[in-house]
Amino acid sequence: MKHPDDDKELFNWLEAEMTADEIHVVDNGRDLEALRDLDSRVVDLDKARSARSESADPSTRPGSDPSADSGAGGSGAESGDPTARVIVDQPTPTATATGPGYLGRLLGAQRRAVVPAWLRSKAELRTAAAWVARHYAHSVGYHALRSPVYAARLTLQAPTGAARFVGGTVRWVADREGEPVRLAAVRREDAAEYLKLSRQRDGRVRLRTLVAVLGMFVGLGSALALYVLAPDWLQAVSVGTVVMALGFAGRRADAPVIQRAVELPKAVKLTSDIVLRALGALGIPAINQAQGKGRDGFEFTAPITRDGPGWRAEGNLPYGVTVTDVIERRDRLASGLRRPLGCVWPEAVPNEHTGHLVLWVGDQDMSRAKQPTWPLLKSGSVDLFKPVAYGTDQRGRWVEATLMYIAGVIGAIPRMGKTFLLRLLLLIAALDPRAELHTYDMKGTGDLDPVGDAVSHRHAAGDDDESITYCLNDFRALREELRRRTKVIRSLPRDVCPESKVTSQLADKRSLGLHPIVIGVDECQVLFEHPEHAKEFEEIATDLVKRGPATGIVLLLATQRPDAKALPTGISANASARWCLKVMGQLENDMVLGTSAYKRGVRATMFAWGDKGIHYFVGEGSDARIVRSVYVDGQGADAIGARARRLREEAGTLSGHALGEAPEPVTSAYDLLRDILAVVPADEPKAWSETVAARLAELRPEVYDGWDPEGLAAALKPHGVTTIQVGRRVKGKVVNRRGIDRSHITTAIAERDGKRDAG
């Protein structure tokens with residue numbers, strides 16, 4: 001009996017062969033020549049089924065040689081014909097489901113929110129409601145103030161309106177609108193049509209005259225009744241209404257009586273045609289080729305929707321085209337959309353393929369759009385261990401940053417808002433009364449004075465020798481504080497400090513001295529390029545970046561020269577928070593945002609010169625985001641600084657520079673290289689790092705206690721000394737560990753002293 005699937009299966013074989021030019025399939029042991037012959041002869045289904053059942057045994061396959069020594073010529077499939085196609089994909093019956101089933105696809109489906117985002121967020125709902133209220137309140141107030149002007153204009157235009165009304169009424173009664181048709185009949189000398197039109201006109205005139213006469217008597221009678229019987233207020237309203245109506249009728253088209261209270265934005269609705277037109281103008285070959293063949297060149301995966309103060313389009317670019325390719329041509333994309341550059345923001349989607357594009361087109365330029373009022377501008381305090389809003393994204397939503405457990409780098413070219421952003425972060429830190437601030441304005445213009453003079457424990461401005469020495473002594477003291485904190489944390493019980501790091505609860509306990517310390521340095525390249533103290537600044541800063549976050553110490557560095565000298569790699573590679581405003585090249589971009597950020601499409605080079613304060617923010621465990629920081633001017637910064645000072649006075653935490661106290665002299669200055677020579681004798685050319693660290697701790701316990709091989713290697717790196725593999729025989733076996741070569745230390749000392757003498 002014939003199986004019902006036999007005909008269908010054979011049909012699938014034939015279909016696979018006919019489409020072999022487009023789909024390459026694997027024959028899985030079937031005879032290719034037999035398949036090709038099926039096109040040219042009548043097929044016996046019984047024989048075909050028999051051949052399929054026998055093909056399960058390779059030795060009985062048609063065309064195969066059952067002998068063990070069969071050669072290449074024993075099979076048509078193995079004939080070695082160079083023109084034979086190699087089929088690489090197995091034919092899949094059309095009736096067989098491929099990939100996950102329907103339920104599987106449902107499980108993996110992304111459900112769109114039933115309630116829109118702006119309705120789920122109380123903050124966005126309040127913002128939208130407040131905007132609508134302000135809009136209509138403004139419109140009502142605008143027109144109410146100008147209502148006397150409107151009334152005067154209408155009164156002056158009333159005679160013209162009356163004349164137009166009388167003239168229009170006369171033309172209507174006389175049926176002037178039909179006159180051109182009657183004149184045309186006269187020109188054609190069509191007597192019958194003219195007589196017909198004349199009779200029609202006479203009838204209209206009689207009827208309209210009657211209506212006009214009745215209306216005139218009714219109007220005059222009503223006016224007389226109002227004059228005799230109506231109260232004064234009703235007479236005034238009636239006369240005013242008539243005058244206003246006649247004035248409105250007498251208005252000129254080019255001089256409207258009522259002007260607009262609000263100029264609506266000129267942004268048009270984003271449509272698929274506009275998006276496709278813009279993408280086609282980018283000059284990307286794959287998109288142009290697709291559109292040249294009548295296809296779209298972009299696959300929309302979701303409807304174009306309203307998203308905040310703008311429109312959102314989402315979809316897949318052609319194969320081989322990445323979102324980075326579009327970001328590189330953002331200026332062309334803006335031209336194709338006919339929108340300002342600051343309104344157009346193409347971006348990639350995390351956890352999606354690199355060709356999945358999200359295009360957000362705002363109604364207004366991001367740099368000019370009005371930001372919501374910053375919650376901390378007038379009141380409030382901060383807990384540095386919790387996220388704090390400091391800026392808004394393209395859609396006007398607040399973006400938060402947590403200033404604890406991080407080290408931060410801010411980079412930009414001059415005049416793009418780098419210093420203002422650093423000052424904003426320091427103002428946020430100042431609003432936590434527990435925080436101890438150390439602020440250094442190496443530019444020397446006083447931009448950080450609203451923070452430094454009001455609340456900072458240590459503060460200096462300028463790059464003179466006095467400021468550099470002040471800063472160096474403070475950095476040395478901070479290194480000692482770092483080591484003290486590590487000992488305190490290590491000594492705490494596990495139930496009090498379970499994660500071996502400072503928490504908000506520990507920061508509240510003044511007896512432990514684990515309050516937050518925030519260090520902000522503007523133009524940090526002044527420190528790291530100093531001719532005498534650069535190595536020590538780099539050594540201490542690297543240690544603070546690596547070990548400081550867990551102990552409650554935060555280092556924020558800002559520079560307008562984000563290169564390897566201004567930002568040593570040991571610092572830039574370990575900073576967990578990065579703010580990058582406009583930069584000029586790939587190297588500077590990756591120095592601030594991290595290696596390969598430029599290749600991933602995170603490019604601060606795309607910001608325009610007018611995008612002050614707009615930057616990429618990398619932190620908070622998420623992908624790079626475009627943020628516009630809150631703008632706080634000098635007066636606003638002074639007010640926030642004064643409020644932060646009052647919080648510290650109430651909490652009793654004001655100290656140091658803010659109280660006029662001079663720093664205590666640092667007596668723990670040391671020379672690491674010479675100390676190593678002191679503990680590693682000349683007859684010991686090489687030593688393990690752990691041995692050197694232990695000996696250093698014995699030499700200066702107040703300095704080196706707690707050092708480990710990694711800390712020693714980090715401290716030696718700024719001096720140009722690297723650790724090596726050192727072998728020692730232990731119990732008959734050679735053990736290799738990281739260590740130092742004493743000759744490298746002596747060489748580094750000689751080079752350093754030689755440079756100092758030359759200087």
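Residues numbered from 1 in each chain as written. Predicted model: local features only at pLDDT ≥ 70, side-chain atom pairs only at ≥ 80, totals over all residues. Heavy atoms only, no water.

1. Topic: the packing of aromatic side chains
Phase 1: Per the counting criterion, the structure on display carries eleven aromatic pairs.
Phase 2: Geometrically, the ring pair formed by Y390 and F617 is edge-to-face, given 5.7 Å between the ring centres and 75 degrees between the ring planes. Taken as a pair, Y390 in strand β5 (residues 388-392) and F617 in strand β13 (residues 614-619) lie far apart in primary sequence, 227 residues in all.
Phase 3: Overall, the relative accessible area of 2% leaves F617 in the buried class. (Phe/Tyr/Trp six-rings, centres within 6.5 Å; stacked < 30°, edge-to-face > 60°. Helix = DSSP H or I, 4+ residues; strand = E, 2+ residues; numbered from the N terminus. Buried < 20%, exposed > 50% of the residue type's maximum accessible area, 1.4 Å probe, protein only.)

2. Remarks on the pairing of strand β6 (residues 398-401)
Phase 1: What you see with β6 is a clean split: V399 and A401 sit on the buried side and W398 and E400 on the side with no burial.
Phase 2: Where β5 meets β6, four bridges bridge the pair, whose relative direction is antiparallel. Bridge pairing links G391 to V399 in β6.
Phase 3: Linking two consecutive strands that pair antiparallel, namely β5 and β6, is a turn of five residues; a positive phi of about 85 degrees is found at G396 within it. (Pairing = 2+ DSSP bridges.)

3. Things to note about the environment of R752
Phase 1: Here R752 lies in helix α27 (residues 742-758).
Phase 2: Sequence-wise, R752 and E532 are 220 residues apart; in three dimensions their C-alpha atoms are separated by 9.5 Å.
Phase 3: When near neighbours in sequence (up to four residues on either side) are disregarded, R752 contacts D671, L673 and R674. (Contact = heavy atoms within 4.5 Å.)

4. Quick look at the sheet that holds strand β17 (residues 733-741)
Adjacent strands of a sheet form backbone hydrogen bonds with each other and so pair up, either parallel or antiparallel.
Phase 1: A sheet is described by the order of its strands in space; here three strands give the open sequence β15-β17-β16, paired in antiparallel fashion. The sheet terminates laterally at β15 (686-688) and β16 (724-730), the two strands that pair on one side only. Neighbour-to-neighbour, the strand axes of the sheet open up by a mean angle of 55 degrees, direction not taken into account.
Phase 2: Pairing geometry for β16 and β17, over seven bridges, is antiparallel. Of the residues in β17, the one forming a bridge with R729 is V734.
Phase 3: Together, β15 and β17 form the strand contacts of helix α24 (residues 689-699), whose direction differs from that of β15 by roughly 85 degrees. (Axes fitted to C-alpha atoms, helices over the stretch in contact; angles between N-to-C directions.)

5. What about the sheet that holds strand β4 (residues 356-362)?
Phase 1: Pairing in this open sheet of four strands is antiparallel, and the strands run β1-β2-β4-β3 from one edge to the other. In the strand order of this sheet, the two ends are held by β1 (299-306) and β3 (344-348), each with one partner. Looking at each pair of strands side by side, their axes are set apart by 15 degrees on average, direction ignored.
Phase 2: For β1 and strand β2 (residues 310-316), the ladder comprises five bridges, and the chain directions are antiparallel. Counterpart to R306 in the pairing with β2 is W311.
Phase 3: Most of the contacts of helix α10 (residues 272-280) go to β1, to which it runs at about 125 degrees, and overall it touches β1, β2 and β4.
Phase 4: Relative to the sheet, helix α13 (residues 330-337) contacts β3 and β4, its axis offset from that of β3 by approximately 125 degrees.

6. With respect to the nonpolar core
Phase 1: Core analysis: the largest hydrophobic core is formed by 70 residues, its most contacted members being L333, L337, F475, I519 and V521.
Phase 2: Sort the elements by how many residues they give to this core and helix α16 (residues 465-491) lands first, with seven residues.
Phase 3: Discounting residues that sit within four places of it in the chain, I519 has contacts with H438, F475, L478, L544, I553, V554, L555 and L556.
Phase 4: Listed in part, the 55 residues of the second largest apolar core include W374, V399, M416 and L492. (Core = buried A, V, L, I, M, F, W, Y, C linked by side-chain atoms within 4.5 Å.)

7. Focus on α13
Phase 1: Here α13 has its buried residues at R330, L333, A334, G336 and L337. On an axial view of α13, the arc spanned by its buried residues comes to 160 degrees, and they lie on one face.
Phase 2: Looking at the residues trailing α13, positive phi occurs at R338, about 60 degrees. (Arc of directions from axis to C-beta.)

8. Thoughts on the environment of R329
Phase 1: Take R329: it is sitting in the loop between α12 (323-328) and α13.
Phase 2: With 48 residues separating them along the chain, R329 and A281 place their C-alpha atoms 9.7 Å apart.
Phase 3: Not counting residues within four places of it along the chain, the set of residues in contact with R329 comprises L282 and I284.

9. A word on the pattern of salt bridges
Phase 1: Per the counting criterion, the structure on display carries 35 salt bridges.
Phase 2: Between R208 and E177 there is a salt bridge, with its nearest N and O atoms 2.9 Å apart. In this pair, R208 is assigned in helix α8 (residues 191-229) and E177 in the loop between α6 (122-173) and α7 (179-187), connecting sequence segments 31 residues apart.
Phase 3: With a relative accessible area of 13%, R208 lands in the buried category.
Phase 4: With a shortest N-O distance of 3.4 Å, E649 and R645 are connected by a salt bridge. With a gap of four residues between them, E649 and R645 both fall in helix α22 (residues 634-651), about one helical turn apart.
Phase 5: Classification of E649 as partly exposed rests on a relative accessible area of 47%.
Phase 6: When salt bridges with common partners are traced through the structure, they connect D175, E177, R182, R204 and R208 into a single cluster. (Salt bridge = Lys/Arg side-chain N within 4 Å of Asp/Glu carboxyl O.)

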